Amino acid sequence: MEIKKIKIKGDIEVALTEIPDMLDFSDSACFGLRHLASNVRSDNRRSEIITTNLMVKELFGNGCTLHHHNSGAPYLVSEEGKDVPKISISHCRGMVAVAYSDKAVGVDVEQIEERVMRIRNRVQNADEMQHTGDSIVLNTVLWTAKEALFKLIPEEGVDFAKDLQIHLENVDADALENRYLATAYGRSYNMISLLVDENILTIAFE
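Residues numbered from 1 in each chain as written. Predicted model: local features only at pLDDT ≥ 70, side-chain atom pairs only at ≥ 80, totals over all residues. Heavy atoms only, no water.

Per an unreviewed UniProt entry, the protein chain carries the name 4'-phosphopantetheinyl transferase superfamily protein and comes from Candidatus Limisoma faecipullorum.

What follows is the structure, given as structure tokens:
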């Protein structure tokens, strides 16, 4: 498995890998994880689950396993009782992103596609729409920022348009990297968006 690691800031890193079109489930590494996706009908979703768990073992060792809270948020457990980082996970077509740090972090990765324009009215406030306009890139940055921020904050029942504000004043659609701020429930957060191939990768952290 080829994993690309990106140093974000301090101890914050993001690991990326491609999801293969077809996984060889007879391979010894995959075989030991098949039970995790035994009840999943979708071939794509099965590949997603297996690839993500293979990444976790590659990044953190065989004694580290991936679990999920009732909310769906992922966390790591070390069978040896070692300290483990906090993580956030995102998938898009053909890719898995795993962000990890000593402190809470949120990540989202999305392909730059026109379909993002169909949801903008539901997730953006008037000020954000003024900044994103007709730019598919900026609308994708906005969407990934809200998803990453949502994964970071503790609140539930979040209204993306009303409760999460992304400050896009200095965000450049042509830049390979953008650093900006976001606000949720009166708290300020740091955001970094990267252009990775044809995807926008966004990380949220305090």
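(A) Highlighting the pairing of strand β9 (residues 177-184). Only one face of β9 is covered, namely the one carrying Asn178, Tyr180, Ala182 and Ala184; the face carrying Glu177, Arg179, Leu181 and Thr183 has none of its residues buried. Pairing of strand β8 (residues 164-167) with β9 involves 4 bridges; the strand directions are antiparallel. Bridged to histidine 167 within β9 is leucine 181. Looking at chain direction, β9 and strand β10 (residues 187-196) are connected through 8 bridges and run antiparallel. Directly across from leucine 181, in β10, lies its bridge partner asparagine 190. Between β9 and β10, which pair antiparallel and follow one another directly, the connecting turn spans 2 residues, one of which, tyrosine 185, has a positive phi of 55°. (Buried < 20%, exposed > 50% of the residue type's maximum accessible area, 1.4 Å probe, protein only. Helix = DSSP H or I, 4+ residues; strand = E, 2+ residues; numbered from the N terminus. Pairing = 2+ DSSP bridges.)

(B) Quick peek at unusual backbone geometry. The backbone of tyrosine 185 shows a phi angle near 55°, a positive value even though the residue is not glycine. Its location among the elements puts tyrosine 185 in the loop between β9 and β10. In this structure tyrosine 185 comes out as partly exposed when scored by relative accessible area, which is 35%. For aspartate 197, which is not a glycine, the phi torsion comes out positive at approximately 60°. Among the secondary structure elements, aspartate 197 is positioned in the loop between β10 and β11 (199-205).

(C) A look at the pattern of salt bridges. All told, the structure shown has 8 salt bridges when counted by the stated rule. A salt bridge links arginine 93 to glutamate 113; its shortest N-O distance comes to 3.0 Å. On the criterion of sequence distance, the pair formed by arginine 93 in the loop between β5 (86-92) and β6 (95-101) and glutamate 113 in the loop between β7 (105-111) and α3 (120-123) is long-range, its members being 20 residues apart. For arginine 179, the salt bridge is made with glutamate 177, and the minimal N-O distance between the two is 2.6 Å. Owing to a relative accessible area of 39%, glutamate 177 belongs among the partly exposed residues under this scheme. When salt bridges that share partners are traced, they join Arg93, Glu110, Glu113 and Arg115 into one network. (Salt bridge = Lys/Arg side-chain N within 4 Å of Asp/Glu carboxyl O.)

(D) Examining the sheet that holds β11 more closely. The antiparallel open sheet is built from 5 strands, whose spatial order is β7-β11-β10-β9-β8. Only two strands of the sheet have a single neighbouring strand rather than two, namely β7 and β8. Geometrically, the sheet is characterised by an average inter-axis angle of 25° between neighbouring strands, direction not taken into account. Relative to β11, β10 runs antiparallel, the two sharing 7 bridges. In the sheet register, serine 193 faces β11, and the bridge partner there is threonine 202. Taken strand by strand, helix α5 (residues 136-152) contacts β7, β8, β9, β10 and β11, and its axis lies near 150° from that of β7. (Axes fitted to C-alpha atoms, helices over the stretch in contact; angles between N-to-C directions. Contact = heavy atoms within 4.5 Å.)

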